[in-house]
Amino acid sequence: MIKFFKKFPKITALMSVREDGNMKINHKSGRSTNNSRGEFFKKAGISRGKAYSALLDHGSEICVIDKLSPRFISGTDALIASEEEIFLSITVADCYPILLYDPVGKIIAVIHAGWKGIAEEIIPKVVNRMNKTGSTYKNIHVAIGPGICQRCFEFDRQLFKERFKKYQAPIYSLNSGRSAYPDLRRIILTQLTGNKTGKLERKNIEVINDCTYCNAENFYSHRRDKKDPIDAMIVLIGMKKS
């Protein structure tokens, strides 16, 4: 289990690792594939009924959650909340988990950032939505969890030029064939700190520089494991009751 935002005792912000078990949700039933999620919530000291889970669409849709929201939210890759005892969760298996917390405005968010969502700028969209609902850019803290590294992320060269045309080397590298190797982690940092309408403080961003593809001992990886349905980790964030 990985812990984020350790300097904020009011926040529970966690990511499972491989030994915690498969956390993938069955999208058709809205239930987990096994008992691993329940055991993880128990270890984290969280009631399962207080967890709200995104049923991912690999896009840039954002959903604001309150206690009347359904526990499983379809078609979204980012969740935002401003109430205590709401725990927002996503699953990842190479895509980047991004957790956000404003301790002044008391707003939390979690983002599933795959290449499509990153290309559609889901990250600055979430930051701007938080800003519109009570946050300020200078108060937002961010944690970027493990995801696939540049060396392991082979990507179609032409598609990269179409979807990421605004980014220049060394954010990506090219081989002699038809492939590009985008550095998604660096693109994420660029989007967080260089947004035209307001940028976050780099000192408020913590990054775990671990690769889900390289580190088979600790993480599931969609690209490496090539399983269908995939095995995945859970990432969650919530504010404890004052």
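Residues numbered from 1 in each chain as written. Predicted model: local features only at pLDDT ≥ 70, side-chain atom pairs only at ≥ 80, totals over all residues. Heavy atoms only, no water.

**Structural notes on the overall build of the chain**
- Tallying secondary structure elements over the chain gives six helices and 17 strands in all.
- For 242 residues, the compact-globule estimate of 2.2 N^0.38 gives 18 Å, and the C-alpha radius of gyration of the chain, at 17 Å, lies within 12% of that figure.
- By principal-axis analysis of the C-alpha atoms, the chain measures approximately 55 × 40 × 30 Å.
- The proportion of buried residues among the 242 residues of the chain is 55%.
- Looking at the chain alone, contacts between residues at least 24 apart form 63% of all its contacts between residues at least 6 apart. (Helix = DSSP H or I, 4+ residues; strand = E, 2+ residues; numbered from the N terminus. Rg over C-alpha atoms; globule rule 2.2 N^0.38 Å. Buried < 20%, exposed > 50% of the residue type's maximum accessible area, 1.4 Å probe, protein only. Contact = heavy atoms within 4.5 Å.)

**Observations concerning the nonpolar core**
- By size, the foremost hydrophobic cluster in this structure holds 40 residues, and its most contacted members are Leu 100, Ile 111, Ile 123, Val 126, Val 142 and Leu 192.
- Of all the secondary structure elements, the ones that give two or more residues to this core are strand E8 (78-81), strand E10 (96-102), strand E11 (107-113), helix H2 (115-119), helix H3 (122-132), strand E12 (141-144) and helix H5 (184-193).
- Aside from chain neighbours lying at most four places away, what touches Ile 123 is Ile 98, Ile 111, Ala 113, Ile 118, Ile 188, Gln 191 and Leu 192.
- By size, the runner-up hydrophobic cluster in this structure holds 30 residues, among which are Met 15, Ile 73, Val 92 and Val 235. (Core = buried A, V, L, I, M, F, W, Y, C linked by side-chain atoms within 4.5 Å.)

**Let's talk about the sheet that holds strand E16 (residues 205-207)**
- Ordered in space as E6-E8-E11-E10-E12-E16, the six strands form an open sheet in which the pairing is mixed. The sheet terminates laterally at strand E6 (62-65) and E16, the two strands that pair on one side only. Here the strands of the sheet are splayed against their neighbours by 15 degrees on average, with no regard to which way each runs.
- Here E10 runs beside E12; their pairing, made up of four bridges, is antiparallel. Counterpart to Leu 99 in the pairing with E12 is Ala 143.
- Its contacts with the sheet place H3 against E6, E8, E10 and E11, and it is angled at close to 170 degrees to E11.
- Strands E10, E12 and E16 of the sheet are contacted by H5, whose axis makes an angle of about 175 degrees with E16. (Pairing = 2+ DSSP bridges. Axes fitted to C-alpha atoms, helices over the stretch in contact; angles between N-to-C directions.)

**Description of the pattern of salt bridges**
- Scanning the entire structure with this criterion turns up nine salt bridges.
- For Lys 10, the salt bridge is made with Glu 84, and the minimal N-O distance between the two is 2.7 Å. In this pair, Lys 10 sits in the loop between strand E1 (2-3) and strand E2 (11-15) while Glu 84 sits in the loop between E8 and strand E9 (87-92), placing the two residues 74 residues apart along the sequence.
- A salt bridge links Glu 121 to Lys 166, with the shortest nitrogen-to-oxygen separation between them at 3.0 Å. Highlighted residues: Glu 121 in the loop between H2 and H3 and Lys 166 in the loop between helix H4 (157-163) and strand E14 (172-174), separated in sequence by 45 residues. (Salt bridge = Lys/Arg side-chain N within 4 Å of Asp/Glu carboxyl O.)

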